[in-house]
Amino acid sequence: MGLLDGRTLLVTGVLTDSSIAFHVARLAQEEGADVVLTSFGRQMKITTAIARRLPKPAPLVELDVTNSEDLDALADRVREHTKALHGVVHSIGFAPKGAFDFLNASWEDVSTALQVSAYSLKALGVAAKPLLGPGSSIVGLTFDARYAWPVYDWMGVAKAAFESTARYLARELGPEGIRVNLVAAGPIRTTAAKSIPGFEAFEDVWPEKAPLGWDITNPEPTARTVTVLLSDWFPATTGEIVHVDGGFHAMG
C-alpha cells in the first residue's frame, strides 16, 4: 500500500526532469497518487514532453497564476480529469533580472517577484479550494528567508512574504481541515536556480557547512519530504516550515 493511495494531487512547476516538482510528481505516482500537472503559454509543450517521463500519464491543465481568468477557471479545468483534489504543490517562483540588484531594482520588477513568488500561494489556494476537503494538504517550496542571502536580493524578500503568506493561509484554511506547509530546501541546481546571478556562491559553501553534507544535484530528499507532507501522516501540522538542507540552517 502506497503512502498516497487514493489521493489526487495538483502539481505546479514541472519544467524539466531535474526540477523538484517533477520528482514530487514521480514519487507521488509511485506512492499511489494520481497527478494533474499545470503549465501555461509556451511552457505547455515543455511540460507535456517532460510529463512523458513520469511513471504514469498525467493530464495537464493551463494555469498562469498571474492570470485571474486562469485562476477562476482552474477548478472546472481540473474537474475534467478528477472530481476532487487531496493535495496541491506550489512550486512557482520568478523574479526579473533587475530584482537581483537590491538598491537599483524598480517597483515593476519587485512587484512581479512578489506576485509570482508570494501572492500566488494565496491565489492558488483559493482557486483550488472548491476541490479540497478535510485532510487535504497544500505544500510549497521556499529558500529559508530568515537571512539576507548574497545575490538573492528581492527574491529573498519575496520568499519572506511567501513564508508569511503560508502562515496566514494556514490560519484561513485550517478550520476546513486543509493544511498548509512549506519545505525549505537547500540549493539545488534547477533551471530556476541557474537563472539567479551568482548562484554558484551557494554551491561552494553549502556542502561544507551542512553537517549531513549536501548534494546540489539531488532533488530527491526535498521531493520525499513534500510527498510525506502531502500524505495523511502529518494530520495535525500546519503553518510549518520543514528544513531539508543537510542541517545548514541550524549551524552558526
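Residues numbered from 1 in each chain as written. Predicted model: local features only at pLDDT ≥ 70, side-chain atom pairs only at ≥ 80, totals over all residues. Heavy atoms only, no water.

**Points about helix α2 (residues 43-51)**
Spelled out, the test is: Exposure categories follow from relative accessible area, calculated using a 1.4 Å probe and restricted to protein chains: below 20% of the type maximum is buried, above 50% is exposed, and the middle band is partly exposed. Runs of H or I in DSSP of at least four residues are treated as helices and runs of E of at least two as strands, each being numbered from the N terminus. Here the arc refers to the set of directions running from the helix axis out to each C-beta atom. Whether two residues are in contact is decided by their heavy atoms, any of which lying within 4.5 Å being enough.
All buried positions along α2 are accounted for by Thr47, Ile50 and Ala51. Burial along α2 is one-sided: seen end-on, the buried residues are contained in an arc of 100°. Looking at the packing, one finds that the buried side of α2 touches α1 (20-30), β2 (34-39) and β3 (60-62).

**Describing the nonpolar core**
Heads up, the rule is: As used in this record, nonpolar core signifies buried Ala, Val, Leu, Ile, Met, Phe, Trp, Tyr and Cys residues forming a set joined through side-chain atoms within 4.5 Å.
Core analysis: the largest hydrophobic core is formed by 45 residues, its most contacted members being Val11, Leu37, Trp206, Val226 and Leu230. It is α1 that contributes the most residues to this core, 7 residues altogether. With sequence-adjacent residues up to four places away left out, Leu230 is seen in contact with Leu4, Arg7, Leu9, Val24, Gly87, Val88, Val89, Ser137, Val139 and Arg179. Residues Leu71, Val78, Leu85 and Leu182 belong to the second largest nonpolar core, which totals 30 residues.

**Overview of unusual backbone geometry**
Phi at Val151 takes a positive value of approximately 65°, unusual for a residue other than glycine. Along the chain, Val151 turns up in the loop between β5 (132-142) and α5 (153-173). We classify Val151 as partly exposed; its relative accessible area is 26%. Unusually for a residue other than glycine, Asp153 sits at a positive phi of about 50°. Tracing the chain through its elements places Asp153 in helix α5. Given a relative accessible area of 23%, Asp153 falls into the partly exposed group.

**Focus on the packing of helix α4 (residues 107-128) against α5**
The description of two packed helices rests on the angle between their axes and on the distance between the axes. Applicable threshold: Lines fitted to C-alpha atoms define the axes here, with helix axes fitted over just the stretch in contact, and angles between the N-to-C directions of these axes take values from 0 to 180 degrees. What sets the label is the angle itself: under 35 degrees gives roughly parallel, over 145 gives roughly antiparallel, 65 to 115 gives roughly perpendicular, and the rest give oblique. Note on convention: near helix rotated counterclockwise from far helix by under a right angle means a left-handed crossing. Clockwise means right-handed.
Where α4 contacts α5, the axes come no closer than 8 Å and their chain directions differ by 25°. When the interaxial angle is binned, α4 and α5 end up roughly parallel. Between α4 and α5 the crossing geometry is right-handed. Contact residues: α4 offers Val110, Ala113, Leu114, Ser117, Ala118, Leu121 and Lys122, while α5 offers Trp154, Met155, Val157, Ala158, Ala161, Phe162, Thr165, Ala166 and Leu169.

**Remarks on the pairing of strand β1 (residues 8-11)**
We apply this condition: A pair of strands counts as paired when DSSP detects no fewer than two bridges linking them. When the strands point away from the viewer and the connection leading from the first strand across the helix to the second strand turns clockwise, the crossover is called right-handed.
Judged by which residues are buried, β1 turns out to be covered on both faces: Thr8 and Leu10 on one side and Leu9 and Val11 on the other are all buried. With 4 bridges connecting them, β1 and β2 associate as parallel partners. Within the sheet, the bridge partner assigned to Thr8 lies in β2 and is Asp34. Since β1 and β2 lie parallel, the crossover through α1 that links them has a hand, and here it is right-handed. The pairing of β1 with strand β4 (residues 85-90) spans 3 bridges and is parallel. Bridge pairing links Leu10 to Val88 in β4.

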